[in-house]
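Each chain is listed here by its residues.
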Amino acid sequence: MVAFVRGMRERWQATPTPRRWIIGAVAVGCVVAVGVARNFSGRGSVQVDELEALTVVADVADITVQVETTGEVQPIERVNLSPKTQGRLDRIFVEQGDRVEQGQVIAEMENRELVAQYDRAVASLERARAGLRELQNGTRPEELAQGRARVDRATANRDRATAALDELLAGSRREDLREAEAALTRSESAVVEAESRLSLAEIDLERDRQLEADGAISRRELDTSLDELRRAQAGLDSTIAARSEARQRRDRLANGARPEEVDRAEADLDAAEADLAEARQQLAQLKNGARPEEVDRAEADVLDAQGNVDFYAAQLDDTKVRAPFSGVVVQRYADPGAFVTPATSASTASSATSTSIVALARGLEILAKVPEVDIDRIYRGQAVEVVADAHPDDRFEAEVKLIAPEAVREQNVTLFQVRLEILSGLERLQSGMNADLTFQSDRLEDVLVVPTVAVVTDRGQSGVLVPDARGRAKFRPVTVGPSVGSQVQVLDGLDAGERVFIGLPEGQDLDDILGGLDDD
């Protein structure tokens, strides 16, 4: 049994940073094994070789204080991509696991209406540019010809208006009066004929109504008689209007021009002269070219049309969902045909909804949560040893790159988030892996240390078991400092070179040792 304990001590000394729970289990195993083995022996003095086997010397050494905690491997940057405006997803170009570059199109929304609006805007821009070029290039020969033709027509209209006014002022000719009287006679005859036709149509309609009532003719034939009556009435109204106009003309020629007719003819002449002046002005403008303000207006129209084109081009570009950075597609949430809406791009995977299209991630880091009591030992650039649960036999390197300025509370424990840059093992670590972290903190020189398994607690008081005069174990209170791996610093209560038990002598039990303190 002595050899077994000696071997445990040698293995502890050869191991730089064993895990505490393993050491504790081994220590408990040693204590239990020694206790069971010694329960059948006497309670005499401990021999020297046995004492050396069961104890270790409190030694002075240089140690590096470590802070141990856990962390999770996660992406350095992650976003859930969604469109800028809501709509139906038309196409998606990536699958889960694909690597994409910054700016690469990930998906595209339906955009047929926007395409049509963009095309109309482009057409309007081309028209505005054509109008500007036309003004800048000057008047074409055919436009000058058209302007001259307008002047000639306006001149002819002015001449006719002048002749009409002259005719009114000169009085009626005898032949014009005779012609007017003949026209009146013809119109009166036409009225008599129209009245006769109307009377006949009324008689026929009345007869057909009776026949239709007797069933002798069909309703269609009655409707034909009714249409004939309507046409006869319209013809009578037309001939009466023509007779009235002919009578007015005859009276006008017989009595001479009335003042209002002369006024109207003068007004017609004034309008004709105004049209002529306008036509001449337009011709002069065509000869002189476009005015500067017209060119400015045309240039403004071009800018306005270009703005519309740019607006719809931006709208079309917004229907394309692009990668904001180079990374890997870690999740795919939607398929073509799904209706998606803008969402919080920085939301986590657990809060992503069907409104997102894909999740994109870049790089890996480790997020650690350090208790409040240890945060003053953490600093930027600090070395960290990483042991992933998926690779328990491997040690990876990392360093602190960011310490959160504000604490978080989880299950009533105050923690600070610390982000670690991974220096080795990137090719083996994956997002979501859990890891045990050891922060290498302050280096303490020439401090008194004992094995962690040598420290026991009695009613809240830390202490060690030291040999008494007979080599038996007795409890001595000590003040302990930080633990480093399998060692713990002793601040007070023990001197260098003293021995402390890591296993119990034959016939002693830990409960008996601690319980015996009440008797002292």
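The notes below deal with the structure included here. (Residues numbered from 1 in each chain as written. Predicted model: local features only at pLDDT ≥ 70, side-chain atom pairs only at ≥ 80, totals over all residues. Heavy atoms only, no water.)

## Description of the packing of aromatic side chains
All told, the structure shown has one aromatic pair when counted by the stated rule. When the centroid spacing of 5.2 Å and the interplanar angle of 75° are considered together, the rings of phenylalanine 311 and tyrosine 312 count as edge-to-face. Given the relative accessible area of 21%, tyrosine 312 is considered partly exposed. (Phe/Tyr/Trp six-rings, centres within 6.5 Å; stacked < 30°, edge-to-face > 60°. Buried < 20%, exposed > 50% of the residue type's maximum accessible area, 1.4 Å probe, protein only.)

## So, the environment of valine 373
Summarising the element assignment, valine 373 is placed in the loop between β11 (365–371) and β12 (383–388). With relative accessibility at 65%, the residue valine 373 sits in the exposed group. Taking C-alpha positions, valine 373 is 8.9 Å from threonine 414, a pair spaced 41 residues apart along the chain. (Helix = DSSP H or I, 4+ residues; strand = E, 2+ residues; numbered from the N terminus.)

## Here we look at helix α9 (residues 292–318)
Between its terminal C-alpha atoms α9 stretches 39 Å, which fits the 39 Å expected from 27 residues at 1.5 Å a residue. Summarising the contacts, the buried residues of α9 are in contact with α4 (112–137) and β7 (320–322). (Expected span 1.5 Å × (residues − 1). Contact = heavy atoms within 4.5 Å.)

## Looking at the pairing of strand β19 (residues 473–477)
Sheet topology note: the strand β18 (residues 461–467)/β19 ladder contains five bridges and is antiparallel. Looking across to β19, one finds that glycine 463 is bridged to proline 477. Turn length for the β18-β19 hairpin, with the two strands adjacent in sequence and antiparallel, is five residues, and the turn residue glycine 471 shows positive phi of about 85°. (Pairing = 2+ DSSP bridges.)

## Structural notes on the nonpolar core
Among the nonpolar cores identified, the biggest contains 23 residues, and Ile378, Val384, Val386, Val418, Leu420, Leu437 and Phe439 are the most heavily contacted of them. The greatest single-element share of this core, amounting to four residues, is contributed by strand β15 (residues 413–422). Look past the residues within four positions of valine 418 in its chain and what remains in contact with it is Ile366, Leu367, Ala368, Val370, Ile375, Ile378, Val400, Leu402, Ile403 and Phe439. Counting 18 residues, the second-largest nonpolar core is a separate cluster that includes Ile106, Ala107, Met109 and Val329. (Core = buried A, V, L, I, M, F, W, Y, C linked by side-chain atoms within 4.5 Å.)

## With respect to unusual backbone geometry
Although it is not a glycine, aspartate 446 sits at a positive phi angle of roughly 55°. Looking at where aspartate 446 falls in the secondary structure, it is placed in strand β16 (residues 434–451). What makes aspartate 446 exposed here is its relative accessible area of 60%. With a phi close to 50°, arginine 459 is a non-glycine residue in the positive phi region. Secondary-structure assignment places arginine 459 in the loop between β17 (455–458) and β18. Assessed through its relative accessible area of 57%, arginine 459 is described here as exposed.

## Focus on the environment of glutamine 282
When you line up the elements, glutamine 282 lands in helix α8 (residues 259–288). Sequence separation of glutamine 282 and arginine 148 is 134 residues, and the distance between their C-alpha atoms is 9.3 Å. Reaching out from glutamine 282, the side chain makes a polar contact with the side chain of arginine 150 at a distance of 3.3 Å. (Polar contact = N/O pair within 3.5 Å; in protein donor to acceptor, adjacent residues only side chain to side chain.)

## A closer look at the sheet that holds strand β9 (residues 339–340)
If you walk across this open sheet you meet the four strands as β7-β6-β4-β9, and the pairing is antiparallel. Each edge of the open sheet is held by one strand with a lone partner, namely β7 and β9. When strand β6 (residues 105–109) meets β7, the two strands line up antiparallel, connected through three bridges. Each residue of the ladder has a partner; that of alanine 107, found in β7, is valine 321.

## Points about a negative patch on the surface
Side chains of Asp263, Glu266, Asp268, Asp270 and Glu273 sit close together on the surface and give a patch of like negative charge. Its location among the elements puts aspartate 263 in helix α8. The exposure class assigned to aspartate 263 is partly exposed, which follows from its relative accessible area of 47%. (Patch = residues over 30% accessible without salt bridge, like charges linked within 9 Å, V, L, I, M, F, W, Y side chains within 5 Å. Areas by Shrake-Rupley, 256 points an atom, 1.4 Å probe, with all protein chains shown as cover. Salt bridge = Lys/Arg side-chain N within 4 Å of Asp/Glu carboxyl O. Lys, Arg positive; Asp, Glu negative; His and termini not counted. Charge placed at Lys NZ, Arg CZ, Asp CG, Glu CD.)

## Here we look at α4
With 26 residues, α4 extends 37 Å between its outermost C-alpha atoms, agreeing within 8% with the 38 Å of an ideal straight helix rising 1.5 Å per residue. All of the buried residues in α4 are Leu114, Ala121, Leu125, Ala128 and Leu132. Where α4 is buried, its residues contact α9.

## What to know about the pattern of salt bridges
A complete count under the given rule lists 23 salt bridges for this structure. One salt bridge in this structure joins arginine 322 and aspartate 317, with 2.9 Å as the shortest N-O distance. With a relative accessible area of 36%, arginine 322 lands in the partly exposed category. Put simply, arginine 332 and aspartate 335 hold a salt bridge, and the shortest N to O gap is 3.0 Å. Residue classification places arginine 332 among the partly exposed residues on the basis of a relative accessible area of 24%. Judged by its relative accessible area of 46%, aspartate 335 falls in the partly exposed class. One network of salt bridges, with partners in common, ties together Arg91, Glu108 and Lys320.

## A word on the environment of valine 191
By the secondary structure assignment, valine 191 is in helix α6 (residues 174–214). Distance in space between the C-alpha atoms of valine 191 and arginine 243 is 7.5 Å, their sequence separation being 52 residues. When residues no more than four places from it in sequence are discounted, the contact partners of valine 191 are Leu236, Thr239, Ile240 and Arg243.

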